[in-house]
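Structure at a glance
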Amino acid sequence: MHRNRRRIGIDVGGTFTDFAVLDADGLRVYKAPTTPEDQSQAILQGLDVLEIDSSVPVMHGTTIATNALLEQRGARTALITTRGFKDMLAIGRQNRPQLYEFSQSAAPPLIPESLCFEAGERIGSDGKVLTELEVPALRELMQDLKKERIESIAVVLLFSFLNDVHERLIAAALEKELPDVPFSLSVDLLPEYREYERTSTTVVNAYVRPLVLRYLTRLGRVLEGRSLKVMQSSGGTLDARQATLQPARLVLSGPAGGVVGAFTLAKHALKTPQPQIMTLDMGGTSTDVALCPGRIPQTTENSVCEIPLRLPATQIHTVGAGGGSLARVDAGGVLRVGPQSAGAVPGPVCYGQGGEAPTVTDANLVLGRLLPSRFLGGQSPHVLDTELARRAIAKLGQSLALSIEATALGILHVANATMERALRRVSVECGYDPRSHVLVPFGGAGPLHACAIARSLGVRKILVPRHPGVLSAFGLLMADITSDASQAFLVPLAEIAAAPKRLVSVINRLEATVLSRLDSDAAQLDCSLDLRYTGQSYELTVPLSLPVTSENVDAAGKAFHTAHQVRYGYSKAELPVESVAVRLRASVVQSPEIPNPDTGAGNTPFNLADAPRTSVYFTADAPLSIPLISRDRLHTGCVFDGPALVVQYDSTLVVSSGWRGMVDLWQNLHLEWLDHDD
Amino acid sequence: MTIDPVLTEIYRHRFVGIADEMGVTLQRTGYSPNIKERLDYSCAVFDAEGNMIAQAAHIPVHLGAMPASCEVALRTFPQWRRGDVVILNDPFDGGNHLPDITMISPVFAGNEPVFFVASRAHHADVGGMSPGSLPLSTELFQEGVIIPPIKLYEAGKVNQSVLRMILANVRTPAERQGDLDAQRAAHTVGEQRLKSLFEQHGKAEVCRYSSYLQHYSEQLVRAAIETWPDGIYEFEDKLELADGLDASIKVAVQIHGGEVTFDFKGTDRTLDAPLNTVLAVTESACYYVVLCLLKEDVPVNAGCFLPIHVTAPGDTLVHASRPAPVAGGNVETSQRITDVVLGALAQALPHDIPAASQGTMNNVTIGGKRTDGTPYAYYETLGGGMGASPDADGLSGVHVHMSNTLNTPVEALEMQFPFRIREYARIRGSGGKGRFCGGEGLVREYELLADATVTMLSERRRHAPWGLQGGAPGRRGQNILISADGHRTVLPGQFTRRLHAGDRLRIETPGGGGHSSARNSRST
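Residues numbered from 1 in each chain as written. Chains lettered and ligands numbered in written order. Predicted model: local features only at pLDDT ≥ 70, side-chain atom pairs only at ≥ 80, totals over all residues.

**Focus: the overall build of chain B**
We apply this condition: Helix and strand definitions here come from DSSP, where helices need a minimum of 4 consecutive H or I residues and strands a minimum of 2 consecutive E residues; each element is numbered from the N-terminal end. As a reference, a globule follows 2.2 Å times the number of residues to the power 0.38, and the radius of gyration itself is taken over C-alpha atoms. Residue burial is a threshold on neighbouring C-beta atoms within 10 Å of the residue's own C-beta, all placed from the backbone, with 20 or more meaning buried, 12 or fewer meaning exposed, and counts in between meaning partly exposed.
Tallying secondary structure elements over chain B gives 10 helices and 20 strands in all. Taken against the 2.2 N^0.38 rule, which gives 24 Å for 524 residues, the C-alpha radius of gyration of chain B at 23 Å falls within 12% of a compact globule. Viewed in the frame of its principal axes, chain B has a C-alpha envelope of about 70 × 60 × 40 Å. Relative to its 524 residues, chain B shows a buried fraction of 64%.

**Observations regarding the interface of chain B and chain A**
Quick reminder of the rule: Here the contact rule is simple: place C-beta atoms from the backbone, and any two residues whose C-beta atoms are within 7 Å are in contact. Note on residue categories: nonpolar means Ala, Val, Leu, Ile, Met, Phe, Trp, Tyr, Cys or Pro, charged means Asp, Glu, Lys or Arg, and polar means any other residue, Gly included.
Contacts between chain B and chain A engage 55 residues on the former and 47 residues on the latter. For the side of chain B that touches chain A, the secondary-structure elements that each account for two or more residues are helix H1 (5-29), helix H2 (33-36), helix H5 (173-201), helix H6 (203-226), helix H7 (279-293), helix H10 (410-416) and strand S14 (419-426) of chain B. Here the side of chain B that touches chain A takes 11 residues from H1 of chain B, the largest share from any one element. Its residues assigned to classes, the side of chain B that touches chain A shows 26 nonpolar, 14 polar and 15 charged.

**Concerning the domain arrangement of chain A**
Residue and element names in this part refer to chain A. Short version of the rule: For every domain, the bounds stem from an assignment made automatically or drawn from a database.
Taken domain by domain, chain A consists of domain 1 (70-215), domain 2 (257-480) and domain 3 (481-588). Contacts between the two partners involve 5 residues from domain 1, matched on the other side by 4 residues from domain 3. For the side of domain 1 that touches domain 3, a count of residues per class yields 4 nonpolar, no polar and 1 charged.

**Some points on the domain arrangement of chain B**
Residues and elements named next belong to chain B. Split by domain assignment, chain B resolves into domain 1 (5-216) and domain 2 (354-524). A separation of 31 Å is found between the C-alpha centroids of domain 1 and domain 2. Domain 1 puts 20 residues into the contact, and the matching count from domain 2 is 19 residues. Across the side of domain 1 that touches domain 2, the residue classes break down as 10 nonpolar, 5 polar and 5 charged.

**Quick look at the packing of H1 of chain B against H6 of chain B**
All names here are of chain B. Which entries qualify depends on this criterion: Structural elements are reduced to axes, namely lines fitted to C-alpha atoms, with helices fitted over the stretch in contact, and the angle between N-to-C directions of any two is expressed from 0 to 180 degrees. Here roughly perpendicular refers to angles of 65 to 115 degrees, roughly parallel to angles under 35, roughly antiparallel to angles over 145, and oblique to all remaining angles.
H6 packs onto H1 with a crossing angle of 100° between their chain directions and a minimal axis gap of 10 Å. Relative to H6, the element H1 lies roughly perpendicular. Judged by residue contacts, Leu7, Thr8, Tyr11, Arg12 and Phe15 of H1 engage Tyr209, Ser210, Tyr212, Leu213 and Tyr216 from H6. Along the lines of polarity and charge, the residues of the contact of H1 with H6 split into 7 nonpolar, 2 polar and 1 charged.

**Topic: the pairing of strand S17 (residues 478-482) of chain B**
All names here are of chain B. Heads up, the rule is: In this analysis, strands are considered paired if DSSP registers two or more bridges between them.
The pairing of S17 with strand S20 (residues 504-508) spans 5 bridges and is antiparallel. Residue Ile480 lies in a different strand from S20, and its bridge partner there is Arg506. Two elements, S17 and strand S18 (residues 488-491), share 4 bridges in a ladder whose sense is antiparallel. Following the sheet pairing, Ile480 is matched in S18 by Val490.

**Remarks on the packing of H5 of chain B against H6 of chain B**
Angle between the axes and distance between the axes are the two parameters that describe a pair of packed helices. Residues and elements named next belong to chain B. The geometry of H5 relative to H6 is characterised by a closest axis approach of 7 Å and an angle of 115° between their N-to-C directions. Seen from H5, the contacting residues are Leu197, Phe198 and His201; seen from H6, they are Lys203, Glu205 and Val206. Within the contact of H5 with H6, the residues separate by chemical class into 3 nonpolar, 1 polar and 2 charged.

**Some thoughts on the nonpolar core**
Side chains of nonpolar character tend, in soluble globular proteins, to be buried together. For the record, the criterion: One nonpolar core equals one set of buried Ala, Val, Leu, Ile, Met, Phe, Trp, Tyr and Cys residues connected by C-beta atoms within 7 Å.
If you look at the biggest cluster of nonpolar residues, it comprises 357 residues, and the most contacted ones within it are Leu79 and Ile153 of chain A together with Ala19, Val45 and Val341 of chain B. In terms of residue count, the dominant contributor to this core is helix H12 (residues 404-426) of chain A (12 residues). If we ignore the near neighbours within four places in the chain, the residues touching Ala19 of chain B are Cys43, Ala44, Val45, Ala54, Gln55 and Ala56 of chain B.

**Points about the environment of Arg422 of chain B**
Note on placement: Arg422 of chain B falls in strand S14. In this structure Arg422 of chain B comes out as partly exposed when scored by C-beta crowding, with 18 C-beta atoms within 10 Å. Between the alpha carbons of Arg422 of chain B and Glu445 of chain B there is a distance of 5.3 Å; along the sequence they are 23 residues apart. Excluding residues within four positions of it along the chain, Arg422 of chain B makes contact with Gly84 of chain A together with Glu445, Glu447 and Arg504 of chain B.

**Structural notes on the pairing of strand S2 (residues 16-23) of chain A**
All names here are of chain A. For S2, a buried count of 7 out of 8 residues is recorded, marking the element as mostly surrounded by other parts of the structure. The pairing of strand S1 (residues 7-12) with S2 spans 6 bridges and is classified as antiparallel. Its bridge partner being in S2, Gly9 is matched across the sheet by Ala20. Here S2 pairs with strand S3 (residues 26-33) via 8 bridges, running antiparallel. When the sheet's bridge partners are listed, Val21 is paired in S3 with Arg28. In sequence, S2 turns back onto S3 through a hairpin of 2 residues.

What follows is the structure in structure tokens.
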């Protein structure tokens, strides 16, 4: 049972804290209301209920860093830049947020003007020191910082990725003069070119660091010595203590767990090490989608609250359409849905908390797709009031001259169009055909919309996880332990191939860095290069096989041409290619088996005719009476045809007609499109 | 014809999505910093009659100018084959200024072109008398290679003669070639997406909604204009010329029911300076202001522009004809036209119109040779103060109105060009005071590491951006030359000069005007 060591995944969300436990008996899940004032309370409660002893390692997904940014309540942070550039963070890329708006405000920068300081120094574009760091000015700067009661410091100097001497000298001064204040050097976090993005990333790190440190320290105490790993944006976990040094790597971890969960689930359920899936994680205010072409996609072009964050993250596209998205009729008489959301308060009209504008959830309710008695197993804090929802949608329907049902269906169609567009963005727009991918819907609402969205994209297979509402916690159990590092490396590819020695020494340095963060000597190393045609300024990341040989470098070049062809529709093998950055990831692979105790033997045969029936609208004219299936009754080997409504504690699935459902060994539900006309 | 309010919304997503996707492709594959880093491009989809259906316009100055290109292409070429691509940049035949190269290509369903896709990108150099092709010219012929509407691709095959002719006339042919390829890649994407729409939903439905969306936008714009008070409102503002004189731009805005007319009668005649514009650019500025005043998010298409009329007498600087120089009309005069229109509308809509913004794009071009002898051409525009609105301070250090391009990272340009940035900062106190303050201007100081030719096209160096309702004007911009020995010379707003290694060019951009007198200041 070595590979099936017990472990627990705990994912803290806005409303619920989700638990997934894996042991020899299989998978158990649990949901507890989140305790926002102290997230560890809900965590402790869950550990108690699930009777988890202190030998069980904990994998944790937290939004503490994300929330600090969203709510602007990070540390009082100072920024030190090269002289002449202290406004770098405020100026950004000098574009305004709205193109057609006379009156607009930009979010205030994370660091106010008064806490941006300059150091007298300059490194040139060849890495040579042009102006030595001015020591007397630095001493004054230290005095200024002391006066300001600073809690965290970011240091970003121009061209430090070529020569870090001045950032290191400042670090030494800070260690001496302000020993209790944590600092973040851009060269440690992101030694890559483009100063604004490097600055914003380093500032985010400094801004959330004290908060994350406090939170994880407290949690560690509460967990009484259990091993604690936290999820990073990249979809890999890292030891909590290491995570507190570079907490910017956690900021986009929220949706990453779900993608890792969907991907590993698909590996088992689809019986392939490289499943091709699209994930659809629909929540209350937004929907996250990702396309996995046989691997979990990674990118460094991320941002949070419009602040660039250039660290590795699972490549996820988010759109403002979710269960709480508001529907309205605009001045031109057209139905619009979102991006405004009813949020938690007042929430959808049917929550009866004073909401007046109908939401996607209200539309699902009046169409019979959500059953009030089954919503969160009947334990929801909200009693769903269908009558309130009908009234609100009727009012909207009047201005469209449409019936209640037609209006509600319209709301779903528009919301689905937004999600369809999101999935197109990650598939066709990136050179992938959605039809050769399996759609994996999860989150509370994903399965409600999956069949309709799949059809509009020509997708023929859907995989509905056994527990769609806690897939992120499941993903925590499955995630590898990883550590990433990168280094700017602006060299023509031909030069690297001819003399790989310089690259080798850079990679050796990166290797020491990434391994030092892992508590293991059995790490797998994956290297990649950011490449572009010489003169372009956008790069594509392609794998580089180790060791660095001329052949492997040439292979990376070929991979670049191919990737360019897939992504942009053309490639030019005759053009010179240059490297911009080198990336290294160390992973300790975790691939626990998911036990499948249900072989289907001895189960009572499932008979669709025995199921109770419920009325659901698929067209506006009249409802269809369709089977209502309780997910708990869908055992291994069950087969049934749509239409049907499948209800379970944490989600509801609409199976439209034309789809056949089959249950696998893990009780995942596979839907397949039966119509072979297209 | 039945129209479904739900499908209308879905088609709006689809068409905008296609234009956006073309834009992303162009940006990702482009070579000019103007395209890849600064997003100085637009992509659009047109119907068979040349009506614009959707536009991904990162640059409002292309609003009216893209439709003009398509119209000319359709007029010039009555016959189309699959794989044809028309290219043009002639300002007096579908273009706006020479660096903006436009491509138009058909999308077939069956044997007929049903839609057209178009892209326009600001190329870093198209030849002419100074690197970067924004010279202080006196006639069009000095501004670069003039491309009338011609087919660069015929039935999918590139016309090598045309291509070689173009590339022979520019300073950085490899980069041009890369940008032209990028535009074509964007077209391929647009064509594929439209074709899959036909396949999935049928030509009839796609066309029905492409035409209904125009009607829908028109309705929304009319409804908005109807809420404006009828009347005629006039305003005048100055354009600063290199010789120290000013040129005047005048407008009379007539609001009548659901329509608005912008009449530029009384504007000065065509100039012997590169600050003239073709009428399409003047239209863009007017369209932009109207779009900003809409409370609803209206899909930008040909329908939007039907209730908006723009007239100007021929041979004026806002309606130039061949061979007037127009290099700076797009970037500078378009900003002043916007100011003039705002000044007039401020009388009709005092609660909506902001004070003047920086009113210039501060165009810097530097060209020369690197130490290894290779030629380069660098072009960049600088942000400044945005005018305060009746309810908010203006933003600082941003591009305003007709432009919204990104800056080039200092680390990117120092690795690419033989100069260094000494300072890049906000100018404290440069925004006009008022109840709401104008945004602050920027300073960007370049130190040359090798001799180079520098051309500046900038405005608001003599006349400050005005405030409104008692708000103070913003600080004027300044161009300063600091020679290696520390001697400072104030340079005019527009100049071409040979500068030497060690010289520093310090550009200070204008602040925005303030709004309302500061008596009721919030700070009390």
